[in-house]
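# A look at the structure
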Amino acid sequence: MSEIALPTAAVCPNFINGAWVESRSGRTLERRNPADLSDLVGYAPLSTRAEVQDAIESAQRAFPAWRAEPAPRRGRILANAARRLEEQKEDVARLISREEGKTLAEARGELGRAINILEYTAGEARRLKGETLPSELPSNFVYTFRQPLGVVGLITPWNFPVAVPIWKLAPALVCGNTVVWKPSELTPFCSRRITEILVESGLPAGVLNMVNGLGEEAGDELVEHPAVVALSFTGSNAVGAAINAKAARQLKKVQLEMGGKNPVVVLDDADLELAAENTVTGAFGSAGERCTATSRVIVMEAVADRFVELVAARVSQFRMGSPLDPGTQVVPLVGREQFEKVLGYLEIGKREATLVCGGEPAPAVNGAKGFFVRPTIFDRVPANSRIAQEEIFGPVLAVIRVRDFEEAMAAANSVRYGLTASIFTADANRIFQAAERLECGMVHINSPTVGGEAHVPFGGVKGTGFGQRECGSAAIDFYSELKVVYVDYTGRKREGNLY
Ligand code: NAD
């Protein structure tokens with residue numbers, strides 16, 4: 001693990017007004033490799049509100065020149081960043097594995113997504129389109145065009161420390177906004193690396209500012225500061241709701257992507273091997289710490305015993321180990337807080353349902369102490385129990401047995417969340433009925449709840465998503481304002497249309 005080119009045990013700097021600066025706060029948060037707690041990655045500074053204010057002022061100063069830059073030139077910088085990230089992919093993948101804890105293969109997958117988003121958004125720079133509309137009046141027409149919002153604040157979580165920031169940064173920048181980004185305090189060195197890549201790709205000073213710190217201090221300053229006109233947040237529901245309530249007082253534009261409780265629905269005519277394989281991928285990859293992770297399986301009673309057997313057999317083959325080892329399937333949770341939360345849910349689950357496997361932490365893996373939890377399956381979980389309703393964000397799968405399709409739809413929709421859902425069946429009618437009825441932002445047919453593409457809108461409904469979708473053309477809508485221009489080329493005093 002020492003091969004990663006990082007200043008060992010360094011304090012991660014902030015990036016403000018085109019310069020790397022040490023935080024003045026004197027307070028830091030220690031970051032250790034979650035798979036090996038003896039490996040100290042470094043420290044995240046807990047920056048002060050004054051430091052965030054410096055960053056906001058720098059973004060304000062940079063805004064007039066950046067908005068005046070032709071959009072295709074802004075896009076070229078993203079294209080450069082895509083190339084740089086591709087060149088550094090292996091190194092950054094190792095950094096993600098060491099700092100966040102996902103496997104190298106998963107980290108490469110995350111980087112592939114980030115590179116695709118940079119490439120796609122670079123192309124969008126040439127398509128920041130408006131519309132030309134006919135007028136109700138002769139010799140008149142109407143057109144619309146896009147303008148940037150101003151200084152935008154981005155607040156991101158740890159679970160996709162590169163892809164989630166990139167899917168906010170790329171459209172924000174290409175639309176001509178300047179940015180202050182408050183990344184997760186758990187992944188400071190990934191955040192530093194992305195900032196370096198974007199800046200080395202040609203971003204002028206002040207256009208992107210990155211300030212590490214705690215949510216309630218550095219993050220809250222972005223929410224409260226009147227110069228920040230829009231906020232894009234990904235994280236937990238409690239924090240998202242609180243941010244929205246505060247931002248609403250200043251009428252800020254807000255986009256929130258929050259927790260999930262994503263179901264796989266397995267009907268009695270499904271290919272059970274396929275369903276089991278994809279459920280396992282969705283539930284246990286990245287230790288279940290994906291917002292799109294499968295946390296519930298709603299399976300028809302007629303095939304439930306066989307399905308649970310198939311899933312449990314696959315899980316029993318899993319190898320726990322270092323995320324850097326290519327044979328590893330089970331990785332640790334990101335940190336102590338998450339670890340303790342998941343262990344708490346294991347105890348709740350033992351009271352509410354039947355434990356099939358797992359249900360406990362693994363104290364040491366290959367001699368290294370980390371935040372490992374054994375992949376856990378609970379069967380016969382009541383649809384209204386806590387483990388079926390609350391986001392656990394760990395390697396825990398709840399199997400809910402139902403009698404028929406109607407009961408399956410009711411169980412799937414019985415939670416407050418709505419990010420993704422999958423259905424496994426060979427019945428074309430049921431597929432389209434489910435696509436219509438499942439209360440979520442993204443439905444997968446005969447495939448896992450996880451995964452998405454760079455040019456496709458991403459996000460959820462109900463308690464999961466608020467505001468416009470991320471990614472694809474929806475992201476351009478969020479990060480720009482549409483202006484309408486009425487053009488009258490009659491040269492005469494207007495007679496009609498005066499309301
Ligand atoms: P979190 O809500 O604890 O933190 C997210 C970010 O918000 C961090 O940068 C944090 O410092 C900041 N923050 C915390 N309190 C704040 C406050 N009062 N004001 C401003 N900022 C504040 O979430 P997390 O633990 O980092 O991430 C896990 C959560 O993210 C899960 O619920 C997961 O489902 C969700 N998530 C959702 C998506 C999605 O697209 N729907 C994607 C990834 C993660």
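Residues numbered from 1 in each chain as written. Predicted model: local features only at pLDDT ≥ 70, side-chain atom pairs only at ≥ 80, totals over all residues. Heavy atoms only, no water.

### Regarding the state of the cysteines
For the coordinates displayed, the defined rule picks out zero disulfides. A disulfide-free cysteine, Cys-190 has its sulfur positioned 9.8 Å from the sulfur of Cys-12, the nearest such atom. A disulfide-free cysteine, Cys-440 has its sulfur positioned 13 Å from the sulfur of Cys-291, the nearest such atom. (Disulfide = S-S within 2.5 Å.)

### Details of the pairing of strand β10 (residues 228–234)
Within β10, six of the seven residues are buried, which leaves it mostly tucked inside the rest of the structure. Pairing geometry for strand β7 (residues 151–155) and β10, over five bridges, is parallel. What sits directly across from Val-151, in β10, is Val-228. Relative to strand β11 (residues 253–257), β10 is paired through five bridges, and the arrangement is parallel. Residue pairing in the sheet places Phe-233 in a bridge with Leu-256 of β11. Each parallel crossover has a hand, and for β10 linked through helix α8 (residues 237–249) to β11 it is right-handed. (Buried < 20%, exposed > 50% of the residue type's maximum accessible area, 1.4 Å probe, protein only. Helix = DSSP H or I, 4+ residues; strand = E, 2+ residues; numbered from the N terminus. Pairing = 2+ DSSP bridges. Right-handed = clockwise from strand over helix to strand, strands pointing away.)

### Let's talk about the sheet that holds strand β6 (residues 140–148)
On the basis of which strands lie adjacent, the open sheet formed by three strands has the order β5-β6-β22 and antiparallel pairing. Looking at the sheet topology across the chains shown, the edges are occupied by β5 (132–134) and β22 (480–488). Taking the axes of each pair of neighbouring strands and ignoring which way they run, one obtains an average angle of 25 degrees across the sheet. Pairing between β6 and β22: nine bridges, direction antiparallel. Within β22, the residue paired with Thr-144 across the bridge is Val-484. Of the strands in this sheet, β6 and β22 touch helix α15 (residues 472–479), which is tilted by about 75 degrees from β22. (Axes fitted to C-alpha atoms, helices over the stretch in contact; angles between N-to-C directions. Contact = heavy atoms within 4.5 Å.)

### Description of the domain arrangement of the protein chain
Here the domain parsing of the protein chain yields domain 1 (14–258 + 464–483) and domain 2 (262–445). Every contact between the two is made by 21 residues of domain 1 and, on the other side, 25 residues of domain 2. Roughly 2,000 Å² is buried in total at the junction of domain 1 and domain 2, and carbon and sulfur atoms are behind 60% of that figure. Taken as a group, Ala-35, Trp-158 and Thr-464 account for 25% of the area that domain 1 buries against domain 2, more than any other trio of residues on that side. Viewed at the interface, domain 2 and domain 1 are joined by zero salt bridges. If you look at where domain 1 meets domain 2, you find seven residue pairs in polar contact (both at pLDDT 80 or more). For the side of domain 1 that touches domain 2, the secondary-structure elements that each account for two or more residues are α3 (89–100) and α4 (104–124). (Domains from an automatic or database assignment. Buried area = accessible area lost by both parts, 1.4 Å probe. Salt bridge = Lys/Arg side-chain N within 4 Å of Asp/Glu carboxyl O. Polar contact = N/O pair within 3.5 Å; in protein donor to acceptor, adjacent residues only side chain to side chain.)

### Considerations on helix α10 (residues 301–316)
Over its 16 residues, α10 runs 23 Å from end to end, which matches the ideal 22 Å to within 8%, given 1.5 Å per residue. Restricting attention to buried positions, one finds in α10 the residues Val-303, Ala-304, Phe-307, Val-308, Leu-310, Val-311, Ala-312, Arg-314 and Val-315. Contacts made by the buried residues of α10 are with β12 (262–266), α9 (272–284), β13 (294–300), β14 (354–357), β17 (376–379) and β18 (396–402). (Expected span 1.5 Å × (residues − 1).)

### Here we look at the sheet that holds strand β19 (residues 420–424)
Spatial strand order, β14-β17-β18-β13-β12-β19-β20: seven strands in an open sheet with mixed pairing. Of all strands in the sheet, those bounded by a partner on one side alone are β14 and β20 (442–445). Geometrically, the sheet is characterised by an average inter-axis angle of 20 degrees between neighbouring strands, direction not taken into account. In terms of strand pairing, β12 meets β13 through five bridges, oriented parallel. Bridged to Val-264 within β13 is Val-297. Sheet contacts for α10: β12, β13, β14, β17 and β18; angle to β13, the most-contacted strand, approximately 145 degrees.

### Digging into the packing of helix α2 (residues 71–87) against α4
Where α2 contacts α4, the two axes come as close as 8 Å, and the packing angle between them is 160 degrees. Here α4 runs roughly antiparallel to α2, going by the angle between their axes. Once α2 is placed against α4, the crossing between them reads as left-handed. Only Leu-111, Ala-114, Ile-115, Leu-118, Glu-119, Thr-121 and Ala-122 of α4 make contact with α2, whose side of the interface consists of Gly-75, Leu-78, Ala-79, Ala-81, Ala-82, Leu-85 and Glu-86. (Parallel < 35°, antiparallel > 145°, perpendicular 65-115°, else oblique. Left-handed = near helix turned anticlockwise from the far one by under 90°.)

### Some details on the packing of aromatic side chains
Scanning the entire structure with this criterion turns up nine aromatic pairs. Look at Phe-141 and Tyr-143: their rings are 6.2 Å apart centre to centre, the planes differ by 25 degrees, and that puts the pair in the stacked class. Its relative accessible area of 29% is what places Phe-141 among the partly exposed residues. When its relative accessible area of 31% is taken as the criterion, Tyr-143 is described as partly exposed. With 5.3 Å between their ring centres and 55 degrees between their planes, Phe-339 and Phe-371 make a pair best called tilted. Separated by 32 residues along the polypeptide, Phe-339 in helix α11 (residues 336–352) and Phe-371 in strand β16 (residues 368–373) bring together distant segments of the chain. A relative accessible area of 13% places Phe-339 in the buried class. (Phe/Tyr/Trp six-rings, centres within 6.5 Å; stacked < 30°, edge-to-face > 60°.)

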